[in-house]
Amino acid sequence: MPRNYIGLSCSCHDPSLAIVNSDGEVVFAEAAERYLQNKRAWYSPPDDLIRMGELLNTYCDKDADLVLASTWQPSTLRKAEFFYFNSLIQNPVIQFLLGLLTSETPLPAPLLKLLISGTAKNTGLNTEFVLFLKNQTNPQINSHLQVTRKAFDHHLTHAAAACYSSPFEEALCVIADGYGEGSSTAIFHYDRGTLKPIPGIKPSIPSLGIFFAKLCNACGFDSIRGEEWKVMGLAPYGKLNQAFYHSLKGLMEVKDGGFIYKNKQLIQEYESTLNHYISKHWKNPYDAADLAYTGQLVFSELMTDLLKSAYKICPSDRLVLSGGCALNSAFNGQVLELVPEFKSCYVFSAPGDDGNAIGAALLAYYSDRPPQNKPAKLQSPYLGSTISVKTLSNLEQYSRLKKVPLECGETVFQKAAQFLTEGKIIGWMQGRAEFGPRALGNRSILADPRLPDIKLRLNVEVKYREEFRPFAPAILHEYGAEYFENYQETPYMERALRFHPQAAEKVPGVVHVDGTGRLQTVKRDWNPRFYDLISAFFQLTGIPLILNTSFNVMGKPIIHTVEDAIAVFMTTGMDVLVIEDEIYLK
């Protein structure tokens with residue numbers, strides 16, 4: 001009997017679902033926020049009841065047994081419940097950890113309360129209920145199917161998603177996030193499909209991920225909404241704040257592959273320092289630039305120390321980096337320079353908790369058949385929902401949008417590239433949605449990177465966000481080294497690299513104030529339609545890259561449906577909408 005594997009990332013934030021078939025292939029993966037159009041989808045189940053039947057019918061074999069794999073172990077949930085209901089949070093260290101995500105002294109304990117809120121404990125119930133209903137309507141097909149459950153360590157699922165999706169046969173894997181099951185960090189050795197935790201590593205109580213969330217709040221942003229990106233964007237506008245640096249650096253350090261407190265008496269001082277800044281209510285975001293710069297510097301120094309310590313414990317010149325801290329693209333682009341022991345670094349498209357759904361599903365798959373010399377293969381990020389043919393037909397029949405005809409022999413890529421050269425801003429919706437927080441050419445807003453004012457236009461008229469926020473260059477791989485210093489393939493827009501100065505002058509629209517760009521490497525075999533679009537733009541302009549940002553407005557997830565695309569198109573300053581091969585104007 002074949003088996004399919006459903007991975008359910010069941011953290012209280014960023015829940016997601018992944019499906020692995022009987023051959024070990026990831027056939028679907030998507031964060032719940034996309035379907036719900038609710039940013040980060042706090043408290044939401046990963047397997048939405050109404051949608052689950054559609055997903056099972058589309059991506060699972062009809063005669064396959066199912067394995068439901070979740071991303072937190074039951075023992076951890078029981079411990080969290082014990083801590084919360086027995087008021088053991090009076091411990092000052094636990095109070096400190098729980099308070100970092102709030103702007104006030106934490107009571108009751110929000111983090112533990114969220115963890116046991118039911119999102120994790122009830123994961124899989126919707127799937128089982130859908131199967132029950134299917135069995136009632138067609139018992140001869142479904143009555144014999146077996147549903148089993150597996151649960152895996154949180155950090156192990158981070159590592160599995162990252163390592164199994166990587167192009168490496170062997171690597172050192174380092175996890176750093178807010179908090180997992182008893183630690184904020186973990187180190188694994190990956191070897192041809194086998195993941196083994198490094199023995200002797202003590203749990204890391206201090207959390208660099210929670211520190212960065214608190215820094216986000218101190219800069220006037222909102223970590224609950226996932227606005228840590230703004231800290232990275234604002235940091236290059238600032239300079240070192242010595243007093244703040246001293247307070248942060250005096251709190252914790254790296255020892256034996258994890259973080260430890262230098263002096264626990266400094267915890268209260270550190271908390272007071274951050275709360276002082278949180279209470280300031282910055283009138284202008286640039287006023288917090290020094291704070292952002294200093295916090296980003298401390299983050300980078302501590303992450304560098306962690307990676308160097310991990311390398312000493314388990315030497316490998318290939319690094320796999322995951323966990324929420326791996327979303328810091330500014331640091332990711334510096335890893336090979338700051339830790340030259342590593343010759344290559346890989347970060348998956350979804351290193352946060354949403355990516356753990358893939359990790360859990362693959363761990364369940366390989367627990368049935370241990371991986372023996374698993375071939376190294378880069379995982380495509382285009383794993384999400386498809387575009388509804390029915391909705392496209394309705395759009396054609398009822399929409400009053402102006403449809404742009406193609407001239408004889410003209411392709412949609414050539415026409416769209418021509419619009420870009422005319423300064424038009426394009427909404428670009430193609431194929432399957434990307435898995436992870438970044439648009440990679442299938443749910444994107446595109447523009448001409450040569451325009452000096454394009455950043456201001458996009459931020460003010462389309463994205464409705466702060467003017468300091470940068471935009472990403474999507475570049476043809478063949479020309480990467482011509483535009484970036486120490487060029488590295490960056491398939492998921494996961495790292496920022498420095499432009500060559502002469503190249504930066506050609507594309508001011510995608511160069512941040514510090515001379516960097518969070519690039520996306522584009523190859524034909526990764527995304528042929530996006531590659532052809534950039535190639536068409538290159539033929540017209542001699543520039544082998546375009547500006548790429550996510551198809552959404554600030555505070556909302558990336559679009560999920562054609563209806564979402566139309567809504568953003570019609571309520572922003574976007575000029576052109578391209579869905580598959582059709583081009584629309586307002």
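Provided above is the structure to which this section pertains.
A brief report on the enclosed structure follows. (Residues numbered from 1 in each chain as written. Predicted model: local features only at pLDDT ≥ 70, side-chain atom pairs only at ≥ 80, totals over all residues. Heavy atoms only, no water.)

What about unusual backbone geometry?
Note the threshold: A run of H or I in DSSP counts as a helix once it spans at least four residues, and a run of E counts as a strand once it spans at least two, with each numbered from the N terminus. Three exposure classes are used, based on accessible area relative to the maximum for each residue type with a 1.4 Å probe and protein chains only: buried under 20%, partly exposed in between, and exposed over 50%.
Positive phi is not limited to glycine here, since Q37 has a value of about 50°. Within the secondary structure, Q37 sits in the loop between α1 (32–36) and α2 (49–59). Overall, Q37 belongs to the buried group, its relative accessible area being 17%. Look at A41: it is not a glycine, yet its phi comes out positive at around 50°. Within the secondary structure, A41 sits in the loop between α1 and α2. What makes A41 buried here is its relative accessible area of 0%.

Structural notes on a negative patch on the surface
The criterion, for reference: Only residues whose relative accessible area exceeds 30% and that take part in no salt bridge are eligible for patches, with like-charged residues grouped when within 9 Å of each other and nonpolar side chains (Val, Leu, Ile, Met, Phe, Trp, Tyr) grouped when within 5 Å. For the area figures, the Shrake-Rupley method with a 1.4 Å probe applies, and any residue is considered shielded solely by the protein chains shown. For salt bridges, the criterion is a side-chain nitrogen of Lys or Arg within 4 Å of an Asp or Glu carboxyl oxygen. Positive charges are assigned to Lys and Arg, negative charges to Asp and Glu, while His and the chain termini are left out of the count. For charged residues, the charge sits on one atom: NZ in Lys, CZ in Arg, CG in Asp, CD in Glu.
Judged by side-chain charge, D23, E25, D61 and D63 come together as a negatively charged surface patch. One can find D61 in the loop between α2 and β4 (65–70).

Here's the deal with the state of the cysteines
What we call a disulfide is simply a covalent bond connecting the sulfur atoms of a pair of cysteines. To be explicit about the condition: We call a pair of cysteine sulfur atoms a disulfide when they lie within 2.5 Å.
A full pass over the atoms with the stated rule returns zero disulfides. The closest cysteine sulfur to the non-disulfide-bonded C219 is located on C216, 7.2 Å from its own sulfur.

A closer look at the nonpolar core
For the record, the criterion: Nonpolar cores are built from buried Ala, Val, Leu, Ile, Met, Phe, Trp, Tyr and Cys residues. Side-chain atoms within 4.5 Å join them into one set. Residue contacts are counted whenever heavy atoms from the two residues lie within 4.5 Å of one another.
One finds W428, L458, F530, L533 and I546 to be the most contacted residues of the largest nonpolar core, which totals 64 residues. When neighbours within four sequence positions are excluded, L458 is seen to be in contact with I425, I445, A447, K463, Y464, F471 and L547. Counting residues in each nonpolar core, the second largest holds 51 residues, with F212, Y277, L306 and L319 among its members.

What to know about the sheet that holds strand β17 (residues 495–498)
Quick reminder of the rule: Here the rule is simple: two strands pair whenever DSSP picks up at least two bridges between them. Axis definition: a line fitted to C-alpha atoms, limited for helices to the stretch in contact. Angles are taken between N-to-C directions and run from 0 to 180 degrees.
If you walk across this open sheet you meet the nine strands as β13-β21-β20-β14-β15-β19-β16-β18-β17, and the pairing is mixed. Of all strands in the sheet, those with a lone pairing partner are β13 (402–403) and β17, marking the two edges. Sheet topology places strand β16 (residues 472–476) next to strand β19 (residues 545–550); four bridges connect them, and they run antiparallel. Counted as the bridge partner of P473 is L547 from β19. Contacts between helix α18 (residues 412–421) and the sheet are confined to β14 (426–429), β15 (443–447), β19, β20 (576–579) and β21 (582–585), with β14 contributing the most and set at about 155° to the helix. Seen against the sheet, helix α23 (residues 562–570) touches β14, β20 and β21 and runs at an angle of roughly 170° to β20.

Looking at the sheet that holds strand β8 (residues 194–197)
Strand order in this open sheet of five strands is β8-β7-β6-β11-β12, and the pairing throughout is mixed. Looking at which strands have only one partner, the edges of the open sheet turn out to be β8 and β12 (344–346). Here the average twist between neighbouring strands, direction ignored, is 25°. The pairing of strand β11 (residues 318–322) with β12 spans three bridges and is classified as parallel. Each residue of the ladder has a partner; that of L319, found in β12, is C345. Those strands touched by helix α13 (residues 289–313) are β6 (170–176), β7 (185–191) and β11, and its axis lies near 140° from that of β6.

Things to note about the packing of aromatic side chains
Selection criterion: Each pair of aromatic rings taken from Phe, Tyr and Trp, with Trp reduced to its six-membered ring, is defined by centres within 6.5 Å and is described as stacked if the planes are under 30 degrees apart, edge-to-face if over 60, and tilted in the remaining cases.
A full pass over the atoms with the stated rule returns 18 aromatic pairs. The interplanar angle of 55° and the centroid separation of 6.4 Å between the aromatic rings of F348 and F435 together place this pair among those described as tilted. Residue F348 is found in the loop between β12 and α16 (356–368), and its partner F435 is found in the loop between β14 and β15; the two are separated by 87 residues along the sequence. Relative accessible area serves as the criterion here: at 1%, F435 is assigned to the buried category.

A short note on the packing of helix α17 (residues 389–398) against α23
Note the threshold: Note that the term roughly parallel is reserved for angles under 35 degrees, roughly antiparallel for angles over 145, roughly perpendicular for angles of 65 to 115, and oblique for everything else. Side-chain classes follow a simple rule in which Ala, Val, Leu, Ile, Met, Phe, Trp, Tyr, Cys and Pro form the nonpolar group, Asp, Glu, Lys and Arg form the charged group, and the remainder, Gly included, forms the polar group.
One can describe the packing of α17 onto α23 by two numbers: an axis separation of 9 Å at closest approach and a directional angle of 45°. Relative to α23, α17 is oriented oblique. Note on element contacts: α23 touches α17 through V562, E563 and I566, opposite T391, L392 and L395. Along the lines of polarity and charge, the residues of the contact of α17 with α23 split into four nonpolar, one polar and one charged.

Structural notes on the pairing of strand β9 (residues 252–255)
Burial of β9 is one-sided: the residues M252 and V254 facing one way are buried, the residues E253 and K255 facing the other way are not. Here four bridges tie β9 to strand β10 (residues 258–261), and the two strands are oriented antiparallel to one another. Note on β10: the bridge partner recorded for V254 is F259. As consecutive antiparallel partners, β9 and β10 are separated by two residues, and within that stretch D256 has a phi angle of approximately 55°, a positive value.

A word on a nonpolar patch on the surface
A contiguous nonpolar surface patch, about 490 Å² in accessible area, is contributed by L49, I50, F129, F132 and L133. Secondary structure elements with two or more residues in the nonpolar patch: α2 and α6 (125–137). Ranked by the residues each element gives to the nonpolar patch, the list is headed by α6, at three residues. Judged by relative accessible area, I50 falls into the exposed class, the value being 73%.

Considering the pattern of salt bridges
Taken as a whole and judged by the stated rule, the model has 22 salt bridges. Linking D191 and R192 is a salt bridge whose minimum nitrogen-to-oxygen distance equals 3.5 Å. One salt bridge connects E301 with K249, and the closest N-O pair in it is separated by 3.1 Å. Separated by 52 residues along the polypeptide, E301 in helix α13 and K249 in helix α11 (residues 242–249) bring together distant segments of the chain. Note on E301: relative accessible area 24%, which makes it partly exposed.

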